[in-house]
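An overview of the molecular structure
Below are the chains, spelled out letter by letter.
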Amino acid sequence: MTRAIRPALIWALHFVAIYALISAACAPRQLMDVDVMRATASLITLGGAILVLFWLLSAGRAARQTAGDTTDVVIARITWWCALISLCAITLNLAPIAFLGTCTG
Amino acid sequence: MSDTSQTYSGAKRGEPDKSFEEVWATPKGAAVLSSVSHRVVGKRFLITGFIFFLIAGVLALLVRLQLMVPENTFLDSETYNQFFTMHGTIMMFLFAIPMLEGFAVYLIPLMIGARDLVFPRLGAFGYYCYLFGGIIVLSSFIFDAAPMGGWFMYVPLSTSQYTEGMSADFWLIGITLAEIASVTAAIEIIAAILCSRAPGMTLTKMPVLMWYLLVTAFMIAIGFPPLIIGSILLEAERLLGLPFFDIALGGDPLLWQHLFWLFGHPEVYIIFLPAAGMVATMLPVFVRQPLFGYGFAVAAVITMGFLSFGLWAHHMFATGLPVMSLSLFSAASTMVAVPTGVQIFCFIATLSLGKPRMAVPMYFILGFLFIFVLGGLTGVMLAAVPFNLQAHDSYFVVAHLHYVLIGGFVFPMFGALYYWVPHFTGRMMSDRLGKWAFWLMFSGFNLAFFMMHLTGMRGMPRRVASYPAGLGWDRLNMLSTVGAFILAAGIAVFIVDFFRHRTKGPLAGRDPWGAATLEWLYPPVAPGYNFRAIPEITSREPLWDQPNLTTGDPAQIDGALRDSVDHRRETIGSDPISGAPIQILRLPHPTWFPLIAAAGLAILFTGALVSWYWLSGVGAVIALIAITGWMWEPSDSGARRNSGLHDARGKPVSLPVNIVDRRSHLYVGLTGTLLILSALYASILFAGFYLWNTQPDFANATQRPARMFALFTFGIGVALFALSWMSSRIAQFDGPRFLAFAINILLAIGSVGAALTLFLALRPVDPYSTAFAAVGWALGAFTGANMAVVLYWSLFNGLRKLCGCVAAGQTLPDFLLGAYGKATALMVVFTAGAFLVAGAPQ
Amino acid sequence: MESVLNTFNAQSALATAGGGAAAVFDLTLGMVIAFGVVFVGVMALVWFAATRDTPAKTWWVWSGGIILPLVAIAVLLFASTSALLSMTRTTDDAFTIEITGNQFWWDVVYDPDGAAIRDANEIFLPAGRTIDLRLKSNDVIHSLWIPSISGKMDMIPGRTNVLTITPTQPGRYRGQCAEFCGLSHPKMAFEVVVLPAEDFDAWLADTRGEARDAAMPELLDGRQVFLDAGCAACHAIRGVAEGARLGPDLTRIGARATLGAGMWRMNQGNLAGWIADVSDMKPGAQMPDYNHLSGPQLRALSAYLVSLK
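Residues numbered from 1 in each chain as written. Chains lettered and ligands numbered in written order. Predicted model: local features only at pLDDT ≥ 70, side-chain atom pairs only at ≥ 80, totals over all residues. Heavy atoms only, no water.

A few words now on the overall build of chain C. Scanning chain C from terminus to terminus reveals 6 helices and 12 strands. Scaling as 2.2 N^0.38, a compact globule of 309 residues should have a C-alpha radius of gyration of about 19 Å, whereas chain C reaches 25 Å, well beyond that. Counting only C-alpha atoms, chain C reaches 90 × 40 × 35 Å along its principal axes. The buried share of chain C, taken over its 309 residues, is 56%. Intrachain contacts of chain C at a sequence separation of at least 6 include 64% that bridge at least 24 residues. Treating the 23 positive side-chain charges of chain C as one cloud and the 30 negative ones as another, the clouds have centres 5 Å apart. (Helix = DSSP H or I, 4+ residues; strand = E, 2+ residues; numbered from the N terminus. Rg over C-alpha atoms; globule rule 2.2 N^0.38 Å. Buried < 20%, exposed > 50% of the residue type's maximum accessible area, 1.4 Å probe, protein only. Contact = heavy atoms within 4.5 Å. Lys, Arg positive; Asp, Glu negative; His and termini not counted. Charge placed at Lys NZ, Arg CZ, Asp CG, Glu CD.)

Okay, here's the thing in structure tokens:
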């Protein structure tokens, strides 16, 4: 069952990272250069997305294995939809960083 | 794993002269206040919550009367500000959350096949904290000190400089006390749903409402702490002068907003999800088909729970955040429409599976669909930053929030009340009056609030006691007021119907709605023990698919724990993941300790409110004594009893009582508690990082902690971790008693040591010098408070061994202390590490 | 120009007179139409599902729950981000006005880094030019909102926020504080006068000078009351009493169409009532009541102030 939550946990870690990166680059302390931040964010997103995509595909395979309503099949279906939604959310979280060149647009 | 195969006969006997029914009977008369049964506590939450709903509703009507015409003088500014503040505060904290708690507390054991929740005393304690906290907040009216800073209490307006007097303190202290109910409910819900399901009820066979409540409980565990921390910091600023939000000393008003909305946004989803779960429960009954897409819906609920934590700053779009931040939160806010949409479409798909019976709950479900979808769409509009910059703090937002809250929570709630009232009272409410109530509420609501979209776009700001004539808002406000009164009339019809049905309503037969879930197993009103024998479950819709459950006398159904050899209240404990029966879970009998403990806490909080710290001391002592009495009982572990179940070969299965390992309900509850503590700790850390990042000059100018003592703390923390680990292992394997006792003592000493060295590390830092310094002290104080708990707990466990009260195998307390000790030791190590880093010379 | 205190649409985001407001209006219209269609569609689907006999398929959940929201999100984010970027873009030659929120009035300084011309509670703007409003606060959080011209921006003590606006239409508009700031939050408004660009330059040059003070001898009594009663401790009048910043600058008070931050018409009677009993008109205001002044004193003082145009 924890398998089903993993994609959402990756989303959570990803979101915290993106938020931290934007704060690091755009807050008064200026910890990080914006371009460095954007590159890091893109890499993290790529990694997270690939991981979730992998889980998406394996859950899809598990759901197709047996028809019917056994616990494993239902959990696989739940995992698949969690992974799909998490994947969309992870990608969308990168959009502002991808399309805006600087903190102020 | 502690599997003492010796048949230990010493499990504490309950009330040997009482029969099964008598053991489960609710106390009569005034003693009912000592009842901890979930049915009683659940109804308490529902009734109290509804009363607060009516109070807040009356405040709203008074607000609308004032706004009915421009430049009205019905209420003066101060009174108006108090009324709208209290309306929001009561609705959000004293109505919505407790109401959903009431449904959860009442319904969960019934739906999962348990005799009670797994921590009944915690639930009762939570209720009394809520009651006392609510009374404190409401009593502010009597003292002419009602809060008037808005339900969101922005700083600097709510600091002592701009809000003199005690109004803000009533809010901060009363609400924090009431919030204890929310977090204790979260622990209860998580532990109950995971650990007390009927045999055969795997996670994918449990009713979908349980998924909704489980996710909601985790959201509460993580979402409430930021507000609790923020409230404590603000109250500390007001009472002690600590500069957390003082701009002159490096504080930041936006820190409050971040902490508040980190709570505030998940809060509205916490309110929405259980209501959606109730819709998901009732809708299939009225189309007589199972919910369409159980898997999609569960996945949508889980992801919604997570995603809702990434939206909070959309309440702060006008505060001057960098455009990149605005875009992040805009994107995240629109994204939550996806899981919301999945659920809505699952509901619509379910609707299509059969012709729905138009009973009263069905009307409210359709009303929910209409109103909530509209509200959700205006929410997506608000997620667009440019639009938000016009609509923020205008009546457009007032319209949106009422559409989603009333549509998403209140309408399902009324449907749920019509649906489950027969279970509470044994009688059906009126079909005719119910439809009247619905139509009045639906039309009144839309008239009142749809206009407000336009009012806001025409430029009317929120939270204004009056407005000039002729700007284009006059007629719209008048219509909104008329609508509000029509809505109130609908609610009045409901109340009339409720009282009427107590004597005149038709008696509800067995399963009056033709429902599928277990709470309808017995004809209403079900006996207090819920199930005479706990049945085995093979389907998600047990009453539809398992004929053995619906034919014949429910009391004769075969199942677990028909007999209670020890004359104790008990239920079956399940493996959290697989649902397989793994233990016999002992439950408490009626007791006064939760009430006394809550009263002690209320006295403590009241003492702080009036700055009579001696009173706080008295309250603390009372609470501590009550908690000690509450905990002073054998853990019952080490025994095995016949469960009444049979294995595949038909042989009777015996199960251990109160197992000592990670699958124990107490361990799961502790894990929930540790989640809350981690969230509290993380909130303080967040405050520190935030100030460090956005007020770098002040952070750099702050005095450094003493690194040597920080290093000592680090070492003690590592030692505490090792000791705690040993405590867990010895408990799990029932090791030598004297060793366990030694570890108790060492933990006690270690915790004092850690607190002391932390204090010495912080001594060079003046908490009044900068906001950053104050947050450092807050971090240390929080860690120190946890050390106090470790001290108390280890002394408690040691004392029980000394007095000979602990029999063989009863090692659960040390097992749990070990887990708590490990988590708090990590906290100590982390705090010490933070001070080591912060203490580095410039 | 007449005050727009009770004028329909003077404070409406739907009657646009600025670049920002117009961009938001277009976005709003688009969203209302698009989401209106979605809403009607979903409700039709609900009705269809409840009354017709066709059971649902998985693709309903797909299209309604995943595809429709994702498409809507993508379009919305694109449109709103473009609008946001265009709204927040400023120019090098933008004119700067610094506005500081107080409980419960607005301190306005034109060209703060240059001529630093101080005024209060009424804001003059040039049409067709980009203006950077530098927003600050002296006490609690306020928010500057002129719905006809642009979205709002909070004024947060301890930081400076910049709101870039481009008024397009000469005229008079109303704005209001949009962040709950205490007892008289509903009474913290202001009026905005948008002048054609050359007229604005002329106005600015004219207003920076000293007060057109006591043109007639009868008004000298009033000026004396002003100085004797201690008003200069909080209020500045250029050429008469310099330096005080605790209260609004009164150099051109008579020229303002409203009194009390956009709440009452500016005339001698209202002014006298304000001076004598401000705490009744605006609870929580920092200014004390001057009801110890005699009737003749109040009359003279208010006549003097109303003459300061």
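Residue and element names in this part refer to chain B. Tracing the chain through its elements places Met206 in the loop between helix 5 (167–195) and helix 6 (208–240). As a C-alpha pair, Met206 and Ile193 span 13 residues in sequence and 9.0 Å in three-dimensional space. Other than its neighbours up to four places away in sequence, Met206 contacts Ile193, Arg197, Met201, Trp211, Leu214, Tyr294 and Arg540.

Here we come to the state of the cysteines. Per the stated rule, a full pass over the model turns up 2 disulfides over all chains. Covalent S-S linkage joins Cys26(A) and Cys103(A), the inter-sulfur distance amounting to 2.0 Å. Looking down the S-S bond of the Cys26(A) and Cys103(A) bridge, the torsion is -90°, so its handedness is left-handed. Taken together, the residues span a long stretch of sequence, with Cys26(A) in helix 1 (residues 2–26) and Cys103(A) in the segment after helix 3 (71–99) at a distance of 77 residues. In terms of burial, Cys26(A) and Cys103(A) fall into one category: buried. Here Cys803(B) is linked by a disulfide to Cys805(B), with a sulfur-sulfur distance of 2.1 Å. The sign of the -125° torsion about the S-S bond sets the Cys803(B)-Cys805(B) disulfide as left-handed. With no disulfide of its own, Cys177(C) has Cys181(C) as its nearest cysteine by sulfur position, at a separation of 3.9 Å. Judged by its relative accessible area of 0%, Cys177(C) falls in the buried class. With no disulfide of its own, Cys234(C) has Cys231(C) as its nearest cysteine by sulfur position, at a separation of 8.6 Å. (Disulfide = S-S within 2.5 Å.)

Fair warning: the whole summary comes from geometry, so function is off the table for now.
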